[in-house]
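One-letter residues, chain by chain:
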Amino acid sequence: MLSLSRIFEEHPNRRYIMFGGKGGLGKTTFSAATAFYLAQKGLKVLVFSVDPQASLSDIFERDIFGKGPVEIIPNLFAQEIDADQHIKAYQNEIRQKILDMYGMEEVPEEIESYIQAAAAEPAMEESAIFDQVVDIVMAEDYDYYIYDLVPLGHALYYLSMASVYDEWIDKITELRQEMEEFSKVASLIKRKKESEEDMILKELMDIKYRINTSSGILTNKEKTAFFFVIIPEEMALLDTQKAAKLFAAYDVPLCGYVVNRVIPTELGQQRIPDYLRNRLEMQGRHMKRIDELFGEQVLAWIPEFERDVTGLAMIERMAEAMFGPNADPIKHSSQMDEGAHS
Ligand SMILES: Nc1ncnc2c1ncn2[C@@H]1O[C@H](COP(=O)(O)OP(=O)(O)OP(=O)(O)O)[C@@H](O)[C@H]1O
Ligand SMILES: [Mg+2]
């Protein structure tokens, strides 16, 4: 049996799937093909993208941007998050809170301009996306969640942001708790403020819980399978070794490597131009090196196809290259116990 499908079979609890790696190596392609493979086994899958330049629309040849989860084939849902839409919703929420809290008819102009300015911050887009991911993942609507990740550096940024956020909220929470002690004393004098403080503290705790849950999933070996995409080229290999160290530092549970874009070696037995023969020889050296470096951790060697992978027919071909044809269905909790998620 192909090693990649064995991973899924042996670890049915790893329901959060990620393909990481440098730009353009095949993360989106593998995400879509894996979603296709699992959906065909009858598992309910969401493949989603947090990239503003997401390309799930391209690969599925459907405009899904900002439309929520769109069913592509039975059991296969794809979603591209529209950060702007979420920033707008978030702004409205803030406006509403201000109106409710202070019993106003409309938001004062100074506050409105502040809300507008905050939305222009790049960090706002990041956190809008982050927030949406937390919502999606915590809803527990699917058997599998496949994150179509952004290129490597950026993915690391997300992970680091989660831990920065976490520290920051810890500090604030601590401060708030200290202040609560004070305010207990102070409440003898000033009673009204207390409940407001409680509300803020509750909200912070809530944010903290959400962040811990989502970043906890990202780094949880039991629940997450992270695959590293590489190609048989010199530069890619050097970068991969560096990246693997970084990921280890962030406790990303690396499951193994998938080598993409392998020029079929059988071509060497045919009459081919020197150009291609040279490429094949170089590739052979890099494949040997990959084997030495990663050995058993290499889960699949995927051929370079004669055309781009777009549309369901090509996605199906890719799924077969990755997982093999007609593998047996995975035994999964939701199939044994209809609709329940553990
Ligand atoms: N094995 C393959 N054979 C032929 N074309 C491929 C193969 N793998 C990927 N491609 C093509 O390479 C291009 C890049 O792939 P893909 O979009 O999956 O990369 P990515 O890692 O998601 O890129 P980004 O970092 O920009 O998100 C796409 O046009 C895809 O169809
Ligand atoms: Mg991509």
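See the structure above.
These notes cover the structure that comes with them. (Residues numbered from 1 in each chain as written. Chains lettered and ligands numbered in written order. Predicted model: local features only at pLDDT ≥ 70, side-chain atom pairs only at ≥ 80, totals over all residues. Heavy atoms only, no water.)

## Remarks on the sheet that holds strand β6 (residues 224-230)
Moving on, step 1. Read from one edge to the other, the open sheet built from eight strands follows the order β3-β4-β2-β5-β1-β6-β7-β8, with strand pairing classed as mixed. The open sheet has two free edges, formed respectively by β3 (70-73) and β8 (298-303), since each of these has just one partner strand. On average, adjacent strands in this sheet sit at an angle of 25° to one another, irrespective of strand direction.
Moving on, step 2. Bridge count between strand β2 (residues 45-49) and strand β4 (residues 76-80): five bridges; the pairing is parallel. Bridging from a neighbouring strand, Leu46 pairs with Phe77 of β4.
Moving on, step 3. Sheet strands in contact with helix α9 (residues 234-249) are β6 and β7 (254-262), and its direction is about 160° off that of β6. (Pairing = 2+ DSSP bridges. Helix = DSSP H or I, 4+ residues; strand = E, 2+ residues; numbered from the N terminus. Axes fitted to C-alpha atoms, helices over the stretch in contact; angles between N-to-C directions. Contact = heavy atoms within 4.5 Å.)

## Re helix α4 (residues 83-102)
Moving on, step 1. An ideal rise of 1.5 Å per residue puts 28 Å on 20 residues; α4 measures up with 29 Å between its terminal C-alpha atoms.
Moving on, step 2. For α4, the side-chain oxygen to backbone nitrogen distance between the N-cap and Asp84 is 3.1 Å, and the N-cap itself is Asp82.
Moving on, step 3. The first or second residue beyond α4 is Gly103, which carries a positive phi of 55°. (Expected span 1.5 Å × (residues − 1). Polar contact = N/O pair within 3.5 Å; in protein donor to acceptor, adjacent residues only side chain to side chain.)

## Details of the pattern of salt bridges
Moving on, step 1. This structure, assessed with the given rule, holds 10 salt bridges.
Moving on, step 2. For the salt bridge of Arg261 with Glu304, the shortest nitrogen-to-oxygen distance reads 2.8 Å. Here Arg261, found in strand β7, pairs with Glu304, found in the loop between β8 and α11 (312-323); they are 43 residues apart in sequence, far enough to count as distant.
Moving on, step 3. The class for Glu304 is partly exposed, based on a relative accessible area of 31%.
Moving on, step 4. For Glu292, the salt bridge is made with Arg289, and the minimal N-O distance between the two is 3.2 Å. Residue Glu292 and its partner Arg289 are both found in helix α10 (residues 274-294); the two are separated by three residues, about one turn of the helix.
Moving on, step 5. Salt bridges sharing common partners tie together Lys288, Arg289 and Glu292. (Salt bridge = Lys/Arg side-chain N within 4 Å of Asp/Glu carboxyl O. Buried < 20%, exposed > 50% of the residue type's maximum accessible area, 1.4 Å probe, protein only.)

## Topic: unusual backbone geometry
Moving on, step 1. Residue Glu61 is not a glycine yet carries a positive backbone phi of 55°.
Moving on, step 2. Summarising the element assignment, Glu61 is placed in the loop between α3 (56-60) and β3.
Moving on, step 3. At Glu140, a residue that is not glycine, the phi angle is positive and equals roughly 55°.
Moving on, step 4. Summarising the element assignment, Glu140 is placed in the loop between α6 (122-139) and β5 (144-148).

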